[in-house]
Amino acid sequence: MNRPTYLVLATCALILVAGCGDDADEDDASVMFVSPADGDTVAGSVELVMAADGVTIEEAGEVNDGAGHFHVMADAGCLAAGAPIGKDADHVHFGGGQSEGVVYLGPGDHELCLQAGDGVHTALALTDTVSVTVAISDRDEWCAVMGELDELIESLDVDEDEFAAQQVGWENSGRLAAQLAAGIDHVDAAAAGDVEPALGLAGDMAAAVTEASDADSAMAAVDAVFEAAADLDEIPGQEWIEDTCDINLED
């Protein structure tokens, strides 16, 4: 073996971890959806399980190298690295460092983007996407979504404190109501004519708050929705919902 060849081989052996004659990828970090799986059909809120490799998931607030937190965007696509990540019903932040959560969607086909962002919600080049279909497939699912809607509405308020966050909650309730309306075929035909207006009332309330400019105008809009309703002594279809789904709508 001549001397030049020996020196080349010796040099390669010494720097093998860096790769000899190889363009190694120095950034192999990734984020991924554990759940839902691509192509899943779901009803109600979409439960999310997220994971990361090569990046530390931490609370928002500080920008640290190799760290960030999860965001999920619905039907909005992933963002270019460096772009600010907005916050609304279609841009859900998990700024507490959570790896599990939910997103609310209307009935139909949707694409979800999981994207890591830094401590001040600037997009990182770490993404994953899945497609899901939101649809109620049977009466048990219909009742489960009805229960979820009832619990969500009970948890909502309208006041000046964090009004934008409250609007997101009301918009999410409207999406659950839309799922129930799309699945009305799972309600007994004799009761569907009463149940459907109740879902319309829930949707109107959600829209009134979502579209309002402030808490005062939101409350005025909600009052107008109730005044326009024909009979509020009992929620339309209440008896069927309570008996069939074992839900007390007056709680």
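Refer to the structure presented above.
All figures in this text were calculated on a predicted structure; none of them were measured in a lab. (Residues numbered from 1 in each chain as written. Predicted model: local features only at pLDDT ≥ 70, side-chain atom pairs only at ≥ 80, totals over all residues. Heavy atoms only, no water.)

Q: For this particular structure, what's the right way to read helix α5 (residues 215-228)?
A: Each full turn of the α-helix corresponds to 3.6 residues, which orients residues three or four apart in the same direction. Its 14 residues give α5 an end-to-end C-alpha distance of 20 Å, which sits within 8% of 20 Å, the value for a rise of 1.5 Å per residue. Among the residues of α5, A215, A218, V222 and V225 are the ones counted as buried. The buried residues of α5 occupy an angular sector of 75 degrees when the element is viewed end-on, so they sit on one face. Exposed side of α5, more than 90 degrees from the buried face: D216, E227 and A228 are the residues found there. Residues of α5 that are buried in the fold lie against α3 (163-182) and α4 (189-211). Where α5 begins, the side chain of D214 points an oxygen toward the backbone nitrogen of D216, at a separation of 3.2 Å. (Helix = DSSP H or I, 4+ residues; strand = E, 2+ residues; numbered from the N terminus. Expected span 1.5 Å × (residues − 1). Buried < 20%, exposed > 50% of the residue type's maximum accessible area, 1.4 Å probe, protein only. Arc of directions from axis to C-beta. Contact = heavy atoms within 4.5 Å. Polar contact = N/O pair within 3.5 Å; in protein donor to acceptor, adjacent residues only side chain to side chain.)

Q: Got a minute to help me understand helix α6 (residues 238-245) in this structure?
A: Along α6, the residues that are buried comprise Q238, W240, I241 and C245. Around the axis of α6, the buried residues are gathered within 165 degrees of arc, so they sit on the same side. Those residues of α6 that are exposed and aimed more than 90 degrees away from the buried face are E239 and D243. Residues of α6 that are buried sit in contact with α2 (139-155) and α4.

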